Amino acid sequence: MRKGILHSYERFFPLTERTPRLSLCEGDTPLVPLRNMGRELGVELYGKYDGLNPTGSFKDRGMVLAVSKALEEGAKALICASTGNTSASAAAYGAAAGIPCFVLLPAGKVAVGKLAQALIYGARVIAVRGNFDRALEMAREASREKGSLAIVNSVNPYRLFGQRSASWEICDELGDAPDWLVLPVGNAGNISAYCAGFEFYREIGRIEKLPRLMGVQAEGAAPLVKGSPVDEPETVATAIRIGHPVSADKARRAVEITSGQFLSVSDDEILDAQKMLASSDGIFAEPASCAPLAGLVKLRKNGRLPGGLRIVLVLTGNGLKDPDSAVSRVDLPVEIDGTPEALAEVLGL
Ligand SMILES: *Cc1c(COP(=O)(O)O)cnc(C)c1O
């Protein structure tokens, strides 16, 4: 039975007797064989389907630990700056913990679709005049001033610690690490967490080798590929639209010690990959989550994808969070008269 990551990996987390074991039954997500895309690419391909977490993204893995530790340390409320999956997750765990959650977002850039979750979970959503960096700075300041207000952005170290659980689940299921792990990179926390998780598993003898970590960015927001920050990042993949990654140094180290690589893909390649993943293997992931598949397709096209590798793609978020970008790429429904003849014509039978 699913009990949540604080139960399944209790011994591996910095928990004490006084840490509440919050759970929305996050984690334990399926490692889905992507048979059709795998055949197409000539590799053994799996998708770690983290869009099936309680709020639809991997953010729940870090949030459950961050909020549990905040409660242990006496927090009376949560605060974060976000316009996307972090706010949804913080709001849900705030609700489960029974404490208020404040979400700061840049005014005028309110994507109502992505905020619906934060609102329905009952977060207090505040629009700040200024950009995202300003909102984050304000959240940090507020939390510094008021000790009982816990900041749950990824500057909170427990977030990355909780996210290690995904690497452990993959190894437990495969019996070893895959050859490659390919994932989208925004603030670069997740790639750093995977690296730390795999290193830990190697240390305790659960795996022999570290997988190659391949971090995929969008061309318009690719500071780690370029080697310098991007001031006005732009991409359809909003979850990785980040120009100054908080965990850049850790991510560079992760790629270095695993002989991995950073690569970038265009928005077109991301949206093509999204449609490919859905129509060939039946999984609908949000655009950021499809950057890894786009990256593999690109490597294959350039003759740089060795055959036969065992590869895991991290499908970080659920496609239903951002239906607009998906609908922009598909054939819309045809309209017909309500007669059997009209239907027969469309069915071509
Ligand atoms: C947060 C997020 C990312 C980026 O993860 P980082 O840790 O910021 O690199 C990618 N995809 C989705 C769906 C996300 O929510």
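Residues numbered from 1 in each chain as written. Predicted model: local features only at pLDDT ≥ 70, side-chain atom pairs only at ≥ 80, totals over all residues. Heavy atoms only, no water.

Under an unreviewed UniProt entry, the name given to the chain is Threonine synthase, and the organism recorded is Aminivibrio pyruvatiphilus. Regarding the chain, the UniProt comment filed under Sequence similarities (unreviewed entry) reads as follows: "Belongs to the threonine synthase family." Quoted verbatim from the Function (unreviewed entry) heading of the UniProt record, the comment on the chain is "Catalyzes the gamma-elimination of phosphate from L-phosphohomoserine and the beta-addition of water to produce L-threonine." (UniProt positions renumbered as here; feature names shortened; annotations may be inferred.)

Among the surface-exposed residues, V334, I336, L343, V346, L347 and L349 lie close enough to one another that they form a single nonpolar patch of about 620 Å² accessible area. In this structure, V346 sits in helix 15 (residues 340–347). A relative accessible area of 47% means that V346 is categorised as partly exposed. (Patch = residues over 30% accessible without salt bridge, like charges linked within 9 Å, V, L, I, M, F, W, Y side chains within 5 Å. Areas by Shrake-Rupley, 256 points an atom, 1.4 Å probe, with all protein chains shown as cover. Salt bridge = Lys/Arg side-chain N within 4 Å of Asp/Glu carboxyl O. Helix = DSSP H or I, 4+ residues; strand = E, 2+ residues; numbered from the N terminus. Buried < 20%, exposed > 50% of the residue type's maximum accessible area, 1.4 Å probe, protein only.)

Quick look at the UniProt feature "binding site: pyridoxal 5'-phosphate" (unreviewed entry) in the chain now. Per the UniProt annotation, the sites labelled "binding site: pyridoxal 5'-phosphate" (unreviewed entry) are N85, G186, N187, A188, G189, N190 and T316. Residue placement: N85 occurs in helix 4 (residues 85–97). Mapping T316 onto the fold places it in the loop between strand 10 (310–315) and helix 14 (323–327). The buried category is assigned to T316, whose relative accessible area is 7%. Setting aside chain neighbours within four positions, we find T316 in contact with D50, G51, G56, S57, F58, P184, N190 and S289. (Contact = heavy atoms within 4.5 Å.)

Put simply, helix 8 (residues 165–174) and helix 9 (residues 189–203) touch, their axes get as near as 7 Å, and they point 50° apart. Between helix 8 and helix 9, the angle falls in the class oblique. Classified by chirality, the crossing of helix 9 by helix 8 is right-handed. On helix 9, the residues that touch A166, S167, W168, I170, C171 and D172 of helix 8 are Y194, G197, F198, F200 and Y201. By residue class, the composition of the contact of helix 8 with helix 9 is eight nonpolar, two polar and one charged. (Axes fitted to C-alpha atoms, helices over the stretch in contact; angles between N-to-C directions. Parallel < 35°, antiparallel > 145°, perpendicular 65-115°, else oblique. Left-handed = near helix turned anticlockwise from the far one by under 90°. Nonpolar A, V, L, I, M, F, W, Y, C, P; charged D, E, K, R; others polar.)

Turning our attention to the pattern of salt bridges. Under the defined criterion, the tally for this structure stands at 16 salt bridges. Residue K209 is joined to D179 by a salt bridge in which the shortest nitrogen-to-oxygen separation is 3.7 Å. Pair noted here: K209 is in the loop between helix 9 and strand 8 (212–218) and D179 is in the loop between helix 8 and strand 7 (180–184), with a separation of 30 residues, a long-range link. Given the relative accessible area of 34%, K209 is considered partly exposed. Between R329 and D272 there is a salt bridge, with the nearest N and O atoms lying 2.6 Å from each other. Of this pair, R329 sits in the loop between helix 14 and helix 15 while D272 sits in helix 12 (residues 267–281), and the two are 57 residues apart along the sequence. Its relative accessible area of 26% is what places R329 among the partly exposed residues. Overlapping salt bridges, with partners in common, bring together K48, D50, R61 and E169 in one network.

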